[in-house]
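Chain by chain, the residues:
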Amino acid sequence: PDGPTRHRIAAGIARAEAHPITTEQIEREWATLEAQLERPEILAALARPLRASDVEPSDPGNDKRHDEWHEEWHVEVERELPFLHRQGDTLVEGVIDRLVLERRAGQVVSAQVIDYKTDRIPADDPARLDERIALYSAQLRSYRDAVAALYTISRERIRLTLLFLDVGRAIDVS
């Protein structure tokens, strides 16, 4: 977003969290976020999903079948998707940062849950990263259960990815 939009967003955050934020802080944090999103592992994890035209069907020699296959397959991306899911006697509520759904003939056939993490982790502390991965993996497993129930899809068809923005790492925890 442009400068005025960033300032409106920051003002809303400042009101919600009851502490002032300066223009300089907004610009510094925005620049940090932009740099984090440009890291290769993060870029690759957030790259636009394949389009049907990028993937060949099992029998590309049959043009009619090929055209039908393209019409049947598509990708949807949901952002900030709230959910409420029952796990046993417990209600689990959450918000999925990014959910990529692959559909074929209207039915979800696979999915990817991506969760952004902004933890400040020193580059020379891999044990701290491993600790955070273990902590957040449980959270993503509950997200996977909710997605499996919501879209009637096997848990095995749902990939789970943690994006640690500060260290520029995309970790598959499926």
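Above: the structure in question.
## Thoughts on the sheet that holds strand β2 (residues 90-104)
- With mixed pairing, five strands are arranged side by side in an open sheet as β1-β2-β3-β4-β5. The open sheet is flanked by β1 (73-87) and β5 (169-172), the only strands paired with a single partner. Taking the axes of each pair of neighbouring strands and ignoring which way they run, one obtains an average angle of 30° across the sheet.
- Of the strands in this sheet, β1, β2, β3 (107-117), β4 (158-164) and β5 touch helix α5 (residues 126-151), which is tilted by about 145° from β4.

## Some remarks on the side chain of D97
- Within the fold, D97 resides in strand β2.
- We note that D97 is buried and unpaired, the nearest opposite charge coming from K117 at a distance of 5.8 Å.
- There is a polar contact of 2.7 Å between the side chain of D97 and the backbone nitrogen of Y116.

## Considerations on the pattern of salt bridges
- Within this structure, the stated rule accounts for eight salt bridges.
- Taking the shortest distance from any N to any O, the salt bridge between R120 and D166 comes out at 3.5 Å. Taken together, the residues span a long stretch of sequence, with R120 in the loop between β3 and α5 and D166 in the loop between β4 and β5 at a distance of 46 residues.

Conventions adopted
- Residues numbered from 1 in each chain as written.
- Predicted model: local features only at pLDDT ≥ 70, side-chain atom pairs only at ≥ 80, totals over all residues.
- Heavy atoms only, no water.
- Pairing = 2+ DSSP bridges.
- Helix = DSSP H or I, 4+ residues; strand = E, 2+ residues; numbered from the N terminus.
- Axes fitted to C-alpha atoms, helices over the stretch in contact; angles between N-to-C directions.
- Contact = heavy atoms within 4.5 Å.
- Buried < 20%, exposed > 50% of the residue type's maximum accessible area, 1.4 Å probe, protein only.
- Lys, Arg positive; Asp, Glu negative; His and termini not counted.
- Salt bridge = Lys/Arg side-chain N within 4 Å of Asp/Glu carboxyl O.
- Polar contact = N/O pair within 3.5 Å; in protein donor to acceptor, adjacent residues only side chain to side chain.

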